[in-house]
Structures are given as structure tokens and as C-alpha cells.
Amino acid sequence: MGDHEAHGSEDLNAATAMQDDRPDIEAGRLLFARPCRFVKGVVAVAGLPPEQGIEIAFAGRSNVGKSSLINALVGQKGLARSSNTPGRTQEINFFDLDGFLMLTDLPGYGFAQAPKDKVDAWTRLIKAYLKGRSVLRRALLLIDARHGIKDTDREILKLLDTAAVVYQAVLTKADKVSAKHLEDVTGTVGAELKKRPAAHPRIFVTSSETGLGIADLRAELAELVGYDKGATP
Ligand code: GTP
Ligand code: MG
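As the structure is a computational prediction, the values presented were derived from the model and not from experiment.

Caption draft 1: Quick peek at the packing of helix α4 (residues 116-132) against helix α5 (residues 151-163). Relative to each other, α4 and α5 sit at 30 degrees, their axes nearing to 9 Å. Relative to α5, α4 is oriented roughly parallel. Every pair of crossing elements has a handedness; the one defined by α4 and α5 is right-handed. Seen from α4, the contacting residues are Lys127, Leu130 and Lys131; seen from α5, they are Glu155, Ile156, Leu159, Leu160 and Ala163. Partitioning the contact of α4 with α5 into residue classes produces five nonpolar, no polar and three charged.

Given below as C-alpha cells:
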């Protein structure tokens, strides 16, 4: 019994030490603990805010979990509006993370429960934004862990490759699938992205529901803006 307890606390100490060894995780935590505010919603290219600072776009099919992921990263449930209905976000919403980073929540592409002319208009807007925005440092390409990459994703991947915008895959809703399925889908997505010129090799596995992968994604974005090295806005 005594031995067992001793082992338990050793394990705990080891786990704590490991956390302390991850300054990138701490930098991510601190960056995303800063206030984040909604700046504006944009429905046409003419309405885009001035290009300054660093932007990260959250792109993906309708209902994949873009708005939920932004909320999970900043730790504010209602900041970006999410919904069960595909087609919830109908404009590009800009969120300013305390001057360090602009997060852009894009409308989804693919199927959406909205009129066709509206969907066509926002799809044109997404494409124009993704290929023409000089301050866009990276696009996070969200992929539902249940479904993997679909043809509508491939259209966007092609556009990003052509525009030389670096994109990084983020598997979402990992809580909805088994560990085995997650491993398989990560492998398939990784194999496909390997062949694409602008794809970042690291894939994130996340759940906005359980928080899986959120700390790592925060760390990645903190590194991208140099927050760990004392960057100022
Ligand atoms: P559009 O704006 O319509 O393109 O959707 P979106 O990509 O912004 O998705 P949103 O964040 O609105 O989420 C869609 C639905 O999926 C909502 O009902 C969320 O609660 C749910 N959802 C999002 N992320 C997760 C997750 O990690 N796990 C689970 N179980 N559900 C999630
Ligand atoms: Mg949304």
C-alpha cells in the first residue's frame, strides 16, 4: 500500500515536470488568456479591414466546427456563434486577440442550409479572401475526424496551393470517433497532404467538446507570432 502511494506521487511529479518542460504550451496559454474581441463581420471583399498584423483563418466545410474551435481556443463559449445547422456563419468574422493575432472565422463551404445565391456569394468571398490576403499567415483547414478530406476540401486545398498560402489540417470532433479511427484518418489525411506543396506537415487532432489538442494548437499559434520570444503587438 505504502509502495503504491509512493509510486503514485512519483508519477504525478513526473507529469508536472513534463508540463514545466513545455514552455511553448505555457506561451500558448498566456497568449490565449488575453482578451479577444469581435471586430467586424464582412460580407464582401470591399468590407475587409486594413491588412495589418498577422491573420489566421479557420476554414472548412459547413458544420465542421470552425466557430466552436475559435471559442475553445480563446476560452469564451459564445464569442463566435456556433450552431447545429450547417451554414451558421454567413460572413467572415474577424476576432482580434489583443493586437497579437487576428482570427478569422470563415463561412463553411460545401453543403449549407441557406439559399443557393447566398452560399455562392460567400463561397466567392472565402476564395477571394484566402488567395488575396497578404497578412494571412496560415489557414487552419478543419476536417471532421469522422469524414476525412472531401472533394469540396480539395477545391480549397488547390486554391491555397496555387496562392502559396500555408495551410495546416486540424481534425475536429475527435470525441466522436474511436482511437483506431482517429489513427487511420490522421494517416490518410497525412498521406494526401504530403503530396501538396503548401500543406504544413503537422496535423492537429482536436475536440472543442473535451479540449483535446487545444493547448497544443494554442502553442503552435503562439510560436507563429513569436509570442514565446516576447513579441509585442
Ligand atoms: P458553419 O458556420 O455553419 O460553417 O459551422 P462551423 O464550422 O462554424 O461549426 P460550429 O462551430 O457551428 O459547430 C457545428 C456543430 O458541431 C455544433 O452543434 C457544435 O456544437 C458541434 N461541434 C463543434 N465542435 C465539436 C466537437 O469538437 N465535438 C462535438 N461533439 N461537437 C462539436
Ligand atoms: Mg461557424
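Right, picking up where we left off after that structure.
Caption draft 2: Broad picture of the site of ligand 1. Inspection of the region around ligand 1 gives 22 residues, with Lys66, Ser68, Gly87, Arg88 and Asp175 positioned closest. The separation between an oxygen atom of ligand 1 and a polar main-chain atom of glycine 108 is 3.3 Å. Burial of ligand 1 by the surrounding chains reaches 89%, relative to a free accessible area of 660 Å². Here the residues of the shell around ligand 1 sort into two nonpolar, 14 polar and six charged.

Caption draft 3: Here's a closer look at the side chain of glutamate 192. Structurally, glutamate 192 is set in helix α6 (residues 179-194). Judged by relative accessible area, which is 19%, glutamate 192 ranks as buried. When sequence neighbours within four positions are dropped, the list of residues in contact with glutamate 192 reads Ile149 and Arg154.

Caption draft 4: Spatial organisation of the pattern of salt bridges. For the structure on display, the rule yields 15 salt bridges. The shortest N-O distance in the salt bridge between aspartate 216 and arginine 22 comes to 3.2 Å. Here aspartate 216 is found in helix α7 (residues 214-224), whereas its partner arginine 22 is found in the loop between α1 (2-20) and α2 (23-32), with 194 residues between them in sequence. Its salt-bridge partner being arginine 146, residue aspartate 144 comes within 2.8 Å of it at the nearest N-O pair. Overall, the relative accessible area of 8% leaves aspartate 144 in the buried class. Given the relative accessible area of 31%, arginine 146 is considered partly exposed. Members of the salt-bridge network, linked through shared partners, are Arg22, Asp24 and Asp216.

Caption draft 5: Examining unusual backbone geometry more closely. At alanine 164, a position not held by glycine, the phi torsion is positive, near 55 degrees. On the secondary structure map, alanine 164 appears in the loop between α5 and β6 (167-172). Even without glycine at this site, lysine 173 takes up a positive phi of about 55 degrees. Structurally, lysine 173 can be placed in the loop between β6 and α6.

Procedures and definitions
- Residues numbered from 1 in each chain as written.
- Chains lettered and ligands numbered in written order.
- Predicted model: local features only at pLDDT ≥ 70, side-chain atom pairs only at ≥ 80, totals over all residues.
- Heavy atoms only, no water.
- Axes fitted to C-alpha atoms, helices over the stretch in contact; angles between N-to-C directions.
- Helix = DSSP H or I, 4+ residues; strand = E, 2+ residues; numbered from the N terminus.
- Parallel < 35°, antiparallel > 145°, perpendicular 65-115°, else oblique.
- Left-handed = near helix turned anticlockwise from the far one by under 90°.
- Contact = heavy atoms within 4.5 Å.
- Nonpolar A, V, L, I, M, F, W, Y, C, P; charged D, E, K, R; others polar.
- Near = heavy atom within 4 Å.
- Polar contact = N/O pair within 3.5 Å; in protein donor to acceptor, adjacent residues only side chain to side chain.
- Areas by Shrake-Rupley, 256 points an atom, 1.4 Å probe, with all protein chains shown as cover.
- Buried < 20%, exposed > 50% of the residue type's maximum accessible area, 1.4 Å probe, protein only.
- Salt bridge = Lys/Arg side-chain N within 4 Å of Asp/Glu carboxyl O.

Purely geometric numbers; function is a separate question.
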